[in-house]
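One-letter residues, chain by chain:
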Amino acid sequence: MKHFTKLGLIMLFIFASSTIYAQTIEGTIVDETGPLPGANIIEKGTSNGTTTDFDGKFSLQVTEGAGVVEISFVGMKTKEIVFTAVSGQTVDLGEISLNQDENVLDEIIITQVSFAIDRKTPVAVSTVTAAIIEHKLGSQEFPEVLKSTPGVYATKSGGGFGDGKLTMRGFNSENVAVMINGVPVNDMENGRVYWSNWAGLSDVTSYMQVQRGLGASKVAVPAIGGTVNILSKTTDVEKGGSIFFGLGNDGYSKYGATVSTGLMDNGLAATVSAFKTEGNGYIDGTEFKGFNYFINVSKQINDNHKISFTSFGAPQRHGQRQNMSLISRYRNAESGNKFNPDWGIKNGQVTHIEDNFYHKSQTSLNHYWTISDKTTLSTAVYASFGTGGGGGTAGTNRDLFQVRIGADDQPVDLDNIVAINRANGEQGLGSEAFLRASRNDHNWFGLLSTFKTDLTDNLALVAGLDLRTYTGKHFREVTDLLGGSYVFDDSDDNNPNRALQVGDKFSYNNDGEVGWQGLFTQLEYELDKLNVFVAAAVSNTSYRRIDYFQYLDSDPLRETDKYNFTGFSIKGGANYNINDYHNIFANIGYFEKAAGFDSVFLQFDNEHINADAENQKIFSVELGYGFRGEKLAANVNLYRTAWNDRTLTQGIQNPDGTFSTANILGVNAIHQGIEFDFVYRAMDKLTLTGMLSLGDWAWDNDVLGVEIYDEEQNLIDVVDLYIAGLKVSESAQTTAALGLDWQLLPKTHFTVDYNYFGNLYAQYDPNDRGTEGAPQAWKAPDYATFDAGLRYNFKIGEFDTTLLAIMNNVFNTEYIADARDGSGSVTDTALVWFGFGRTFSVSAKMRF
């Protein structure tokens, strides 16, 4: 309750202080297809302006009682509207329609049809604009900008740069689809999303939309929890750019620039952006340095053909806190909750024992073809190249990494290891302990094509093709021998008993090849107040493994056959607008998701292959209600998702003493809940936002008497899992948020955001619940945080400038953001990561 009291005092102060009245104009910007999100509204002759939200709506406090506003959007003719305002009142300019400009570039985004439209698309959706990202993200992790979204739980994980984590409705990143400009970016082998690969994406995001549940994205097989659609910037039609510089706590700094040529006489236009970010990190031993770049070149070939080339990436390197610790260890540590066991000192310099380094580029060529007034074809050819991995320890005596400079809370004494390894070298011996990197390079190519045609005035057909081919290259390499000259290794059957040097591969070296072929189709019906869709998709996923270490080059087992798995989906939904204020919607769907790469190759070799891996089966249903009033917009959603034959593996000891891995079938889970969110324009200068998400995510059944057989059909084990009613872990099942945006002055805004997180259960392995009466996982304490921001717009000569200050966790609340279960509900045995305390950032952006 103390958090709500603090928020109430802040809001009371704001209401009591709101004595300055100004004139405000509002309206809705549309084109022939509906609302235009991201349209620019500028009071002519000033730098005072705003952008439309995802429903095309805007509200602007103007500086003069009468004047002109300029309304612009990429590919549309700029329109000027004369207004006459009244002090202390809001003047509604109504619906303003923009027309296509044949002389400028259209925005070429292949997947515009995958974005949900308010009061039309029957899905639960939340949208974050570029303005919100710019005003609220600061130095947080990119996924954290979504933490006030219903059903979403976003944390910094261990606290390293780019190590953010996002779950949706209780599903982790493997089951949440993330797409950038319509191109899927989830790992092709395990489905995960590594946000460190996209650490600079926030700088080039136009807006991002979260579709919870089935979603509207037209990929061959949808995700279970939902979809995050991220739309990057395209080429600016007008010449100009911006310069940015920011500072923050713990040595954080960021600077960069964006430059656009504008539309040139030859029909070309280009936009280039580049930034650098570095700092010491809030957590001990998490120093970081990153760069990000973005380039877009577009050209209008003729009236029917347009092309756009986009390439971006974010190479970075940062120290990590990979390992959780007991709460007591943090309490006894000199640095408190910032304690990190995964770094050391070598020759007086910080050395990261656990770190991450990666560069993943994504390049696409988009073509938009207007075949006729009723038919279009959008196609994207893309390529993604990744190189890098994560650091860690190796050697025959890794206990040396437990020797610290003094007490248990101090950095690892790497100089001690250097001395031992050097002494070994004098005796002709190799390093006992050294540093390595686990590499995960990849080459990924794809094609995504969408065809749309209007069959009648009310019925449209959408169909598409989704092709992908991926090769992941997995190996370990020596990165630092820590004073030694070499290290012995015999993991390569083709070259045993090697003396390894820095850069040499060891332990494992294999390729994972993944192919994907998908088809999807959708019928869309629209008549007056009713919108209906029915969609179906089918996909084939193929896996093949090549092992360069465990098999001789001449061994036919070195390369496996290709194993194919079919997935499919069918879904439908309807939205009905009761009147201008109320709408209802419903959607329902069933799909089967093919098993992942590791569920096929169970023991990381080419012999133990699960060629008949079971599909995961998902059934989902959702109901929703929306209200759109003059001052209040609100949504309520009810959902239920049944997840059957969820992938679960268990290690088994064979009669001969060897170990193997078995798939456990029949493991089911239920994710259900209710979500509520609203936006309320309390006054012309004050907007309130809020949400409440109540989830009930639990394992649905015990799995008893599962018999495990070996290849000769001999019974080797019987598995019992007592998991019915145990809560799903790793995500807060209850979340709430309240926010306000108060316009202090025409060019000054003050924001406050309150976020509450409850019912967070520690990570646990269901295989550990093998006895009747198994306990719930440890539940972390509920917590809440406050964030605040202040931004001021002004001119420096002819340049529009914005100053921004953000403080996260204003009251320095101590909380546990992630945990791993120890002994059920016993607090003393849980391993945890504490979240960040109070942090801040200040920045300046100048536009020219």
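Fair warning: this is a prediction, and the values are worked out from it, not measured in the lab. For every chain, the first residue of its written sequence is number 1, and the numbers climb from 1 along that sequence. In keeping with the model being predicted, local features are shown solely for residues with a pLDDT of at least 70 and side-chain atom pairs are shown and tallied solely at 80 or more, while totals for entire chains, interfaces and linings include all residues. To get the side-chain values, all heavy atoms of the structure are used, and hydrogens and water are removed first.

1. Some words on the overall build of the protein chain
The helix count covers DSSP runs of H or I at least four residues long, the strand count covers runs of E at least two residues long, and both are numbered beginning at the N terminus. A count of helical and extended segments in the protein chain gives five helices and 52 strands. Each radius of gyration reported is based on C-alpha atoms, and the globular scaling rule is 2.2 Å times the count of residues to the power 0.38. Since a compact globule built from 848 residues should have a radius of gyration of about 29 Å, the 28 Å found for the protein chain is in line with a globular shape. Expressed along its principal axes, the backbone C-alpha trace of the protein chain runs to roughly 85 × 60 × 60 Å. A simple rule labels every residue: compare its accessible area, found with a 1.4 Å probe on the protein chains alone, to the largest value its type can have, and call it buried under 20%, exposed over 50%, or partly exposed in between. With 848 residues in all, the protein chain has 55% of them scored as buried. The criterion used for residue contact is that any of the two residues' heavy atoms lie within 4.5 Å. A separation of at least 24 residues holds for 67% of the contacts in the protein chain among residues at least 6 apart in sequence.

2. Notes on the nonpolar core
Soluble globular proteins: nonpolar side chains tend toward being buried together. Counting 30 residues, the largest nonpolar core has F142, L146, L201, M208, V228 and I230 as its most contacted members. Secondary structure elements with two or more residues in this core: β11 (165–168), β12 (176–180), β14 (205–212) and β15 (226–232). For this core, the element with the most residues is β12, which contributes three residues. With near-sequence residues (within four places) excluded, V228 lies in contact with M168, V176, A177, V178, M179, M208, Q209 and V210. By nonpolar core is meant a set of buried Ala, Val, Leu, Ile, Met, Phe, Trp, Tyr and Cys residues that side-chain atoms within 4.5 Å join together.

3. Brief notes about the packing of aromatic side chains
Pairing of aromatic rings covers Phe, Tyr and Trp, the last counted by its six-membered ring, and requires centre-to-centre distances within 6.5 Å; plane angles under 30 degrees mean stacked, over 60 mean edge-to-face, and any other angle means tilted. The tally for this structure, following the rule as stated, stands at 28 aromatic pairs. With 5.5 Å between their ring centres and 80 degrees between their planes, F385 and F445 make a pair best called edge-to-face. Separated by 60 residues along the polypeptide, F385 in strand β26 (residues 375–395) and F445 in strand β28 (residues 433–454) bring together distant segments of the chain. Overall, F385 belongs to the partly exposed group, its relative accessible area being 39%. Both a distance and an angle decide whether a charge sits over a ring: NZ of Lys or CZ of Arg must be within 6 Å of the ring centre and within 35 degrees of the ring normal. Across the ring face of F836, the terminal group of K156 is positioned such that the distance to the ring centre comes to 4.7 Å. Sitting over the ring of F275, K254 keeps its end group 5.6 Å from the ring centre.

4. A few points about the side chain of T541
One can find T541 in strand β33 (residues 530–547). In this structure, T541 is in contact with V514, G515, W516, Y563, N564, F565 and A594, ignoring residues within four places of it in sequence.

5. Details of the confidence of the model for the protein chain
pLDDT measures how confident the predictor is about each residue, on a scale from 0 to 100. Looking at the protein chain as a whole, the pLDDT averages 88, with 90% of positions reaching at least 70. Across residues 6–21, where pLDDT falls below 50, the model places 27 contacts with residues more than four positions away in sequence or in other chains. Low confidence marks residues 102–113, where pLDDT is under 50. Its contacts with residues over four positions away, or in another chain, come to 46 contacts.

6. Overview of the pairing of strand β40 (residues 669–683)
Direction of pairing for strand β37 (residues 632–644) relative to β40: antiparallel, over a ladder of twelve bridges. The partner of L638 across the bridge, within β40, is I674. Paired strands are those between which DSSP finds at least two bridges. In terms of strand pairing, β40 meets strand β41 (residues 686–699) through 14 bridges, oriented antiparallel. Paired with A669 across the two strands is W699, which belongs to β41.

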